[in-house]
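Given next are the chains, with one letter for each unit.
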Amino acid sequence: MNDLPQQLANGLLLGALYGLIAIGYTMVYGIVQLINFAHGEIFMIGGFGALTAFLILPTGTSLLIALPVMILMAMACSVLVAVAAERFAYRPLRGAPRLAPLITAIGLSIALQQAIWAFYPDAKKARPFPEFEGGRIDLGAFAIGRGDLFLLIAAPICMIALGFFVSKTRTGRAMQATSQDPDTAKLMGINTDRIIVTAFAIGAAFAAIAAVAHGLRYGNIDFRMGFIAGLKAFTAAVLGGIGNIYGAMIGGLVLGLAEAMATAYIENIPGMSQLGGGAWKDVWAFVLLILVLLLRPQGLLGQRVADRA
């Protein structure tokens, strides 16, 4: 158990990454009841947008200087794709049976993944992502990578900022009204189309920030990285109570901790040596999801309809 603090740190960092992506799922589902399975690919596109921004900057530019430009480029790419998807793929199906937009989301996910694979230079293999120089930061009982500092700062700031936006601003209150009853919201003068586009854009922006954090943490990005990350983020949103902003982040932290603990310690349990290690981490994540759905279907914090914050 000497490495328990390190495993806890690893789990919390991984969970914060899942939580950042999960916020996008919970924003969209909370308003239009759509599970946007293309959200993982929007996250992935943000990573390639950030890499593009770094590559076009002058050679030798410090990562600290390049990072704001990378974040802005990542957000621009992700938001553009998300808004286009809402306008041309989801809006025409808004009155259709729920299965139609769900299938569309899956098809869009595959199309976006293959588009990057086919058209982005050298995307058929993992692309190196810029990293901060220097080794890991030793904090006594555990150590973290220098790129993890960005995630530690970004995750709580994004969560708190979004909670404040939804609960305190005029647009946020319009989101709550649209979520409760879109027809009545229209009668009250709320432009529900604009509100829905705003939700897609905000979710995409947070996914882009998560993509930058992913690249800084792991040192590479891949056209396939959005699929599993998107599924994990969806799992995190369900764990916390889909439609609940803070629940999405808590669900991500729980999922990250569960993965880290299972990867490190399951194989040490007598009779379970074949079920441990990194190869089984995805399995244990979905085992956790099944248990939560069986014992508490509404999620850990419960789905909140009237107030998404």
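### What to know about unusual backbone geometry
Non-glycine residue Gln-33 carries a positive phi angle of around 55°. In this structure, Gln-33 sits in the loop between α1 (4-32) and α2 (39-56). One non-glycine residue with positive phi stands out, namely Asp-122, at about 60°. Along the polypeptide, Asp-122 turns up in the loop between α4 (99-119) and β1 (127-128).

### As for a positive patch on the surface
A contiguous patch of positive charge on the surface is contributed by Lys-168, Arg-170, Arg-173 and Arg-194. As for its placement among the helices and strands, Arg-194 is situated in helix α8 (residues 192-218). With relative accessibility at 45%, the residue Arg-194 sits in the partly exposed group.

### A closer look at the confidence of the model for the protein
Taken residue by residue, the protein gives an average pLDDT of 89. The fraction at 70 or more is 94%. Taken together, the stretch residues 305-309 has pLDDT below 50 and engages in 20 contacts with residues farther than four places along the chain or on a different chain.

### Considerations on the pattern of salt bridges
Scanning the model with the defined rule gives seven salt bridges in all. The closest approach of N and O atoms between Glu-86 and Arg-91, which form a salt bridge, is 3.0 Å. Its relative accessible area of 1% is what places Glu-86 among the buried residues. By relative accessible area, Arg-91 is classed as partly exposed at 24%. With a closest N to O distance of 2.9 Å, Asp-222 and Arg-224 form a salt bridge. Judged by its relative accessible area of 47%, Arg-224 is partly exposed.

### A few points about the packing of aromatic side chains
Inspection of the entire model under this criterion finds four aromatic pairs. Following the ring pairs from residue to residue traces out a cluster consisting of Tyr-25, Phe-37 and Phe-234. Its guanidinium or amino end placed over the ring of Phe-88, Arg-87 lies 5.6 Å from that ring's centre, counting from NZ or CZ. Here the basic side chain of Lys-124 rests over the ring of Trp-117, its NZ or CZ set 4.5 Å away from the ring centre.

### A closer look at the environment of Arg-98
Position of Arg-98 among the secondary structure elements: in the loop between α3 (63-90) and α4. Along the primary structure Arg-98 and Ile-35 are separated by 63 residues, whereas in three dimensions their C-alpha atoms are 9.5 Å apart.

### Description of the side chain of His-214
Position of His-214 relative to the elements: it lies in helix α8. Residue His-214 is classed as buried on the basis of its relative accessible area of 14%. The residues touching His-214, leaving out its near neighbours within four places in the chain, are Leu-17, Phe-43, Gly-219, Asn-220, Ile-221 and Met-225.

The rules behind each value
- Residues numbered from 1 in each chain as written.
- Predicted model: local features only at pLDDT ≥ 70, side-chain atom pairs only at ≥ 80, totals over all residues.
- Heavy atoms only, no water.
- Helix = DSSP H or I, 4+ residues; strand = E, 2+ residues; numbered from the N terminus.
- Patch = residues over 30% accessible without salt bridge, like charges linked within 9 Å, V, L, I, M, F, W, Y side chains within 5 Å.
- Areas by Shrake-Rupley, 256 points an atom, 1.4 Å probe, with all protein chains shown as cover.
- Salt bridge = Lys/Arg side-chain N within 4 Å of Asp/Glu carboxyl O.
- Lys, Arg positive; Asp, Glu negative; His and termini not counted.
- Charge placed at Lys NZ, Arg CZ, Asp CG, Glu CD.
- Buried < 20%, exposed > 50% of the residue type's maximum accessible area, 1.4 Å probe, protein only.
- pLDDT = per-residue confidence, 0-100.
- Contact = heavy atoms within 4.5 Å.
- Phe/Tyr/Trp six-rings, centres within 6.5 Å; stacked < 30°, edge-to-face > 60°.
- Lys NZ or Arg CZ within 6 Å of the ring centre and 35° of its normal.

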